[in-house]
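Each chain, letter by letter, is given below.
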Amino acid sequence: MESHSHDSHDDEEPVIVKILKPNEKLANSLSEYGIAAEAMEVGMHPLEKKPSYSHKFGLNSKFTTNRGMIKIKGKNFDLIQVLQRN
């Protein structure tokens, strides 16, 4: 009888890590709370092309970076835009 030794690394499944964009993370979080949310591809909505900034928060940078949109179903609003302060 022939014996075979198996290296434990050969039997393991590869670990695949998918890095989520900020709008994808938020859409997944909303879905966990029962809100029908779907992340849209960044730059696909006309609203994203408009500059976004605010003078209302004194100590914060007024400029923001677009991080994508989220489509919402079954609520009083249709979209969420995810912005990051610079």
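Note that the structure is a prediction, hence the values are computed from the model and not measured.

(A) Summary view of the side chain of Glu 48. Positionally, Glu 48 belongs in the loop between β1 (36–39) and β2 (64–73). When sequence neighbours within four positions are dropped, the list of residues in contact with Glu 48 reads Glu 41, Val 42, Gly 43, Asn 66, Gly 68, Met 69 and Gln 81.

(B) Looking closely at helix α2 (residues 22–32). For α2, the complete set of buried residues consists of Asn 23, Ala 27 and Leu 30. For α2, the buried positions fall inside an angular range of 65° around the axis, keeping them on one side. Considering only its buried residues, α2 is in contact with β1, β2 and β3 (79–85). Within two residues after α2, Gly 34 carries a phi angle of roughly 85°, on the positive side.

(C) Geometry of the sheet that holds β3. If you walk across this open sheet you meet the 3 strands as β1-β2-β3, and the pairing is antiparallel. Strands with a single pairing partner mark the edges of an open sheet, and in this sheet they are β1 and β3. Sheet twist, expressed as the average angle between the axes of neighbouring strands with direction ignored, equals 30°. Relative to β2, β1 is paired through 4 bridges, and the arrangement is antiparallel. In the strand pairing of β2, Ala 39 is matched with Ile 70. Its contacts with the sheet put α2 on β1, β2 and β3, and the angle it makes with β2 is roughly 30°.

(D) Fine view of the side chain of Asn 23. Its place among the elements puts Asn 23 in helix α2. Beyond its immediate chain neighbours, meaning those up to four positions away, Asn 23 contacts Ala 39, Met 40, Arg 67, Gly 68, Met 69, Ile 70 and Val 82.

(E) Representation of the pattern of salt bridges in the model. For the structure shown, the criterion picks out 1 salt bridge. For the salt bridge of Lys 21 with Glu 41, the shortest nitrogen-to-oxygen distance reads 3.0 Å. A residue pair is termed long-range when its members are at least 10 positions apart, and Lys 21 in the loop between α1 (8–11) and α2 and Glu 41 in the loop between β1 and β2 qualify at 20 residues. For Lys 21, a relative accessible area of 35% corresponds to the partly exposed category.

(F) Highlighting the nonpolar core. Ala 27, Leu 30, Ala 37, Ile 70, Ile 72 and Val 82 form the largest nonpolar core, which has 6 residues in total. For this core, the secondary-structure elements that each account for two or more residues are α2 and β2. Sequence-distant contacts of Ala 37, that is, excluding residues within four places in its chain, are made with Ala 27, Leu 30, Ser 31, Ile 70, Lys 71 and Ile 72.

Rules of the game
Residues numbered from 1 in each chain as written. Predicted model: local features only at pLDDT ≥ 70, side-chain atom pairs only at ≥ 80, totals over all residues. Heavy atoms only, no water. Helix = DSSP H or I, 4+ residues; strand = E, 2+ residues; numbered from the N terminus. Contact = heavy atoms within 4.5 Å. Buried < 20%, exposed > 50% of the residue type's maximum accessible area, 1.4 Å probe, protein only. Arc of directions from axis to C-beta. Pairing = 2+ DSSP bridges. Axes fitted to C-alpha atoms, helices over the stretch in contact; angles between N-to-C directions. Salt bridge = Lys/Arg side-chain N within 4 Å of Asp/Glu carboxyl O. Core = buried A, V, L, I, M, F, W, Y, C linked by side-chain atoms within 4.5 Å.

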